[in-house]
Amino acid sequence: MAEHKKLPEGGVIEKGGTAHGYSTGGWRKLRPVVDLGKCTNCMICWVMCPDSAVIVQDGKMVGFDLEHCKGCGICAVECPDKVKAIKMNEEAD
Amino acid sequence: MATIKELAKKDELLSGGHRLCAGCGIPPIVRIILRSANGPVVASSATGCLEVGTTIYPYTAWRIPWIHSAFENSAATISGVETAYRALKKRGRIPADKDIKFVAFGGDGGTYDIGLQSLSGALERRHNFLYVCYDNGAYMNTGIQRSSATPLFSNTTTSQAGEVIQGKQEWRKDLTRIVVAHNVPFAAQCSPHNWADLSKKAEKALAVKGPTFLNVMSPCPLGWYTKSEDSIKLAKLSVDTCYWPLYEVENGVMKVTYKPKEKKPLAEWLKPQGRFKHLFKPENANLLSAFQARVDSEWQRLIDLDGKQVY
Amino acid sequence: MAVTAHTKKAALTGNTAVAIAMKQINPDVYPAYPITPSTGIVEDFSGFVADGSVDTELITVESEHSAMSACIGASAAGARVMTATSSQGLALMWEMLYIASGMRLPIVIADVNRALSAPINIHCDHSDSMGARDAGWLQLYAETVQEAYDNVFMAMRIAENAKVMLPAMVCMDGFITSHAIENLDLLSDEEVRGFVGEYKGRNSLLDTDNPVTWGAMVLQDHYITFKHQQSEAMTRAKGVAAGVMKEFGEKFGRPYGLIDAYRLEDAEAAIVIMNSAAGTTKVVVDDLRKQGKKVGVLRLRLFRPFPFKEIADALRGVKVVAVLDRADSMNSFGGPLFNELRSALYDLDNRPKVMSRIYGLGGRDYKVKDAVEVFEELLNISKTGKIDTMTKYITL
């Protein structure tokens, strides 16, 4: 019952980006795996990712945020044909 | 215009952890547009996939101030926010040198249909904002019902392909033309597969004073009955088949911003989509060719206007 | 018309008086859409904008739905927001009324009461604001132009009180009050500024360094909690309203309460009524009192929150009551005021007999003879102890 006194009135969420604390990784059937040796850091996977789950550090693609990646596979398809550094593996494997 | 590496250096303004479907076309659109703003952005969204998917309490994917109030009024709501900005700035309650950009988002149902009036009003009043329609061609959030943006012959739950009727019987409303008729300084059609074109148009739209508009093709694995990994590929096919031409109208001048070297047959875009499955039955070959003919004539009309003053 | 800080007395229509009240408040944003009979308010206000006597941002939106949507956007951006409407306009806002109150945005609107279609009718009844009674808005009602003017300031103070934070509707009768010229006393601009103060909304959308999300989807886990908060705020609003009205009376010499009890102290029969028709009823009460008949009037100034305790206290000891509703809730059991008021009396040890009379729909005149007839019936019931017809239309 004390809960209602704590929640900000009107249903406002007073902080941005709290969804980062919500895991959608469990939705995944396929897991993206990157071969960083092949990756040219073109950033196409990063820009096309619906889940903001491609991790970029200092201008380089370094891997995936598996807490949020839903395994859609767009990164693997969009990785340029000459590069093809990403493949999708069965999550169970 | 920013390079992809420059864009990647900017803050991520839409966090992961939202509940949009795997392979949804909307988040890349939102992410690219927000990163193209060059300054603080405040956004509104109409009720719909984007709103529901990104803001399930107490979680929000938005790292910018954001408001949703109802379905038909994303433009009216942002009108109020933008007007408050002008009012409070005039009264010295917001620093004079602070420049905030305003973006209203809506799906095709919330824009072409129920939100058309409020969009038209906000455009006519010349509010300083960008309206972004993510057009996935149906009411996807409520379960794939036909909207006025739904493509011809598309099978939706309210325009079903059955024994006697083969999906939606009407050509889609051409919303971009309707917006252009409001004499807005900038309006464009975009697609997320061409991130550079989308980013450039968003940057332009947000730099201009006055109401601007982007109509963005937004693939939907759920409603298109497609594989989640194919979303961006299908967005590209919608453009390469000239179903969804990329163009802009800047100060009344039409410019087709992408002309495929070789126009692909419409069937290449339709075939992978379950919503058009019935068009590939032998007895429906005439429908398919009618659809192709209409796409061809629409494309030709656009090409004829290329480079011309259209208002 | 030019009203300066030195002009204290004026003869104005209700619409102009309310527009002047809004001018004196000088809100940040005013989204406007015209509808009879409230149009005069937005026209006058538009004149103030054109003359530079306010620096409010007026936006002339394309519908009442968009007017309320823009009010919500502006209020969530931290602005003080006002508008005016009537009838179908309020009905078109319906969806957004609930959103404004659910978001706890202290928007103040003037509702110039007018009948709802069909049949279409431009004249007064209360079906518009009564229909919005469960929308979570504070509702103040006015008998006179003076009161409509004063209520605008009080509504703003109650709405913006940190314990309340709910939108407010200031209601007056279409044409009867909105278009009739009455003499009234105006406050000076300084007095208004001193009374309403400055407003700075919480969680402003324009604070881009602290991004907030307004209007998230709230599911089974929290929805009821927010509705409970809202309900508690509405409960607190009664005390806040009483305090604001008392302060207004002390500062400006025009005392107001949640209810207006007129000659009820020893009354045997009473009419309960709202807005301008109370004036006619009071005249009848004075006449009947001269004839030695113990009659009185209870007028509600505040309908939301519903001052059930104050009503019960005021009617304690009255034998028979007729509740006159200028709206029908179409439940075949009397008007909305009747139903709530009767419930408010339930716990009295010797509760009065209460009947419902629906009057004046679509601007039908409510005359002295109508009030006389109701009182005669009440006094008769007081003798016989028997109500013949519980619910009935009068002024037919």
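Calculation rules
- Residues numbered from 1 in each chain as written.
- Chains lettered and ligands numbered in written order.
- Predicted model: local features only at pLDDT ≥ 70, side-chain atom pairs only at ≥ 80, totals over all residues.
- Heavy atoms only, no water.
- Helix = DSSP H or I, 4+ residues; strand = E, 2+ residues; numbered from the N terminus.
- Rg over C-alpha atoms; globule rule 2.2 N^0.38 Å.
- Buried < 20%, exposed > 50% of the residue type's maximum accessible area, 1.4 Å probe, protein only.
- Contact = heavy atoms within 4.5 Å.
- Areas by Shrake-Rupley, 256 points an atom, 1.4 Å probe, with all protein chains shown as cover.
- Lys, Arg positive; Asp, Glu negative; His and termini not counted.
- Charge placed at Lys NZ, Arg CZ, Asp CG, Glu CD.
- Polar contact = N/O pair within 3.5 Å; in protein donor to acceptor, adjacent residues only side chain to side chain.
- Core = buried A, V, L, I, M, F, W, Y, C linked by side-chain atoms within 4.5 Å.
- Domains from an automatic or database assignment.
- Salt bridge = Lys/Arg side-chain N within 4 Å of Asp/Glu carboxyl O.
- 1 Å grid on protein atoms, 1.4 Å probe; cavity = no way out; pocket = protein on both sides within 12 Å on 5 of 7 lines; lining within 4 Å.
- Points joined across faces, edges and corners; volume = space filled by probe spheres on them.
- Nonpolar A, V, L, I, M, F, W, Y, C, P; charged D, E, K, R; others polar.
- Buried area = accessible area lost by both parts, 1.4 Å probe.
- Phe/Tyr/Trp six-rings, centres within 6.5 Å; stacked < 30°, edge-to-face > 60°.
- Lys NZ or Arg CZ within 6 Å of the ring centre and 35° of its normal.
- Pairing = 2+ DSSP bridges.
- Axes fitted to C-alpha atoms, helices over the stretch in contact; angles between N-to-C directions.

A. A look at the overall build of chain A. For chain A, the count of helices and strands is three helices and four strands. For chain A, the succession of helices and strands along the chain, N to C, is α-β-α-β-β-α-β. Expected size for 93 residues packed as a compact globule is a radius of gyration near 12 Å; at 17 Å, chain A overshoots this value by more than 25%. Dimensions of chain A, computed from C-alpha atoms along their principal axes, come out at roughly 60 × 30 × 15 Å. Buried positions account for 48% of the 93 residues belonging to chain A. Residue pairs in contact within chain A that sit at least 24 positions apart in sequence constitute 61% of those at least 6 positions apart. Of the accessible surface of chain A, which amounts to about 4800 Å², a share of 53% is contributed by carbon and sulfur atoms. In chain A, 12 side chains carry a positive charge and 13 a negative one; their mean positions are 2 Å apart.

B. Examining the side chain of Ser231(B) more closely. Locating Ser231(B) in the fold gives a position in helix H10 (residues 231-240). When its relative accessible area of 1% is taken as the criterion, Ser231(B) is described as buried. From its side chain, Ser231(B) meets the backbone oxygen of Gly23(B) in a polar contact 2.6 Å long. Excluding anything up to four places from it in sequence, Ser231(B) contacts Ile74(A), Gly23(B), Pro219(B) and Pro221(B).

C. Seen up close, the nonpolar core. All names here are of chain C. Among the nonpolar cores identified, the biggest contains 178 residues, and Met68, Leu315 and Leu341 are the most heavily contacted of them. A domain-level breakdown of this core finds at least three residues from each of domain 1 (9-252) and domain 2 (259-393). Setting aside residues up to four positions removed in sequence, leucine 315 forms contacts with Leu264, Ala270, Val272, Leu298, Val321, Leu341, Leu345 and Pro352. Counting 58 residues, the second-largest nonpolar core is a separate cluster that includes Ala21, Ala148, Met172 and Ala241.

D. Here's a closer look at the pattern of salt bridges. One pass over the structure, following the stated rule, counts 55 salt bridges over all chains. Between Glu248(B) and Lys204(B) there is a salt bridge, with its nearest N and O atoms 2.7 Å apart. With Glu248(B) in strand E7 (residues 247-250) and Lys204(B) in helix H8 (residues 195-207), the pair connects residues that are 44 residues apart, well separated along the chain. Relative accessible area serves as the criterion here: at 24%, Lys204(B) is assigned to the partly exposed category. Of the charged contacts in the structure, one is a salt bridge between Lys392(C) and Glu377(C), with a shortest N-O distance of 3.9 Å. Separated by 15 residues along the polypeptide, Lys392(C) in strand E16 (residues 391-393) and Glu377(C) in helix H12 (residues 368-384) bring together distant segments of the chain.

E. Molecular detail of the layout of surface pockets. Volume-wise, the largest pocket comes out at about 480 Å³. As for the largest pocket, its lining consists of 19 residues, and the residues nearest its centre are Ile99(C), Gly102(C), Ala216(C), Tyr223(C) and Lys227(C). Those elements giving two or more residues to the lining of the largest pocket turn out to be helix H3 (49-54) of chain B together with helix H4 (87-102) and helix H8 (223-252) of chain C. Among the elements that take part in the lining of the largest pocket, H8(C) stands out by supplying four residues, more than any other. Among the residues making up the lining of the largest pocket, the classes are represented as nine nonpolar, eight polar and two charged.

F. Representation of the interface of chain B and chain A within the structure. With 37 residues of chain B at the contact, the number on the chain A side is 35 residues. Both sides of the chain B and chain A interface together cover about 2900 Å² of buried area, and 63% of this is carbon and sulfur. Interface area lost by chain B to chain A is led by Arg31(B), Tyr57(B) and Tyr59(B), which between them contribute 20%. One can count zero salt bridges joining chain B with chain A.

G. View of the domain arrangement of chain C. All names here are of chain C. Partitioning chain C into domains gives domain 1 (9-252) and domain 2 (259-393). Placing a centre on the C-alpha atoms of domain 1 and another on those of domain 2 gives a separation of 28 Å. Taken together, the 31 residues of domain 1 in the interface contact 30 residues of domain 2. Sorting the residues of domain 1 by area buried against domain 2 places Arg133, Glu143 and Lys238 first, and these three jointly supply 31% of that buried surface. Summed over the shared surface of domain 1 and domain 2, the number is seven salt bridges. The residue glutamate 310 makes a salt bridge to lysine 238 at a minimum N-O spacing of 3.0 Å. The interface formed by domain 1 and domain 2 includes 20 residue pairs in polar contact (both at pLDDT 80 or more). Of all the secondary-structure elements, those providing two or more residues to the side of domain 1 that touches domain 2 are helix H5 (127-131), strand E6 (138-141), helix H6 (145-160), strand E7 (168-173) and H8. Ranked by residue count, the leading element in the side of domain 1 that touches domain 2 is H8, at five residues. When the residues that make up the side of domain 1 that touches domain 2 are grouped by side-chain class, the tally is 16 nonpolar, eight polar and seven charged.

H. Quick look at the packing of aromatic side chains. Counting across every chain of the model gives 26 aromatic pairs over all chains. Among the aromatic residues, ring-to-ring pairing joins Phe153(B), Trp171(B), Trp224(B), Tyr243(B), Trp269(B), Phe276(B) and Phe291(B) into one connected group. Lying over the aromatic face of Tyr22(A), Arg19(B) brings its terminal NZ or CZ to 3.5 Å of the ring centre. When the ring centre of Trp46(A) is taken as origin, the NZ or CZ atom of Arg31(B), which lies over that ring, is 5.1 Å away.

I. Looking closely at the pairing of strand E2 (residues 54-57) of chain A. All names here are of chain A. Direction of pairing for E2 relative to strand E3 (residues 60-64): antiparallel, over a ladder of four bridges. Paired with valine 56 across the two strands is methionine 61, which belongs to E3. Counting the residues between successive antiparallel strands, the hairpin from E2 to E3 contains two residues, one of them, aspartate 58, with a positive phi of roughly 50 degrees.

J. Fine view of the sheet that holds E7(B). Across the sheet, nine strands lie side by side as E8(B)-E7(B)-E5(B)-E6(B)-E4(B)-E3(B)-E1(B)-E2(B)-E9(C); this open sheet has mixed pairing. The open sheet is flanked by strand E8 (253-256) of chain B together with strand E9 (213-214) of chain C, the only strands paired with a single partner. Where strand E3 (residues 101-107) of chain B and strand E4 (residues 130-135) of chain B come together, five bridges link them in parallel fashion. When the bridges of E4(B) are listed, Gly107(B) appears paired with Tyr134(B).

K. Quick peek at the sheet that holds strand E13 (residues 302-304) of chain C. Residues and elements named next belong to chain C. Within the open sheet, the five strands sit side by side as E4-E5-E7-E6-E13. Their pairing is mixed. Edge positions in the sheet fall to strand E4 (82-85) and E13, since each has one partner strand and no second. Averaged over neighbouring strand pairs, the angle between their axes works out to 20 degrees when direction is ignored.

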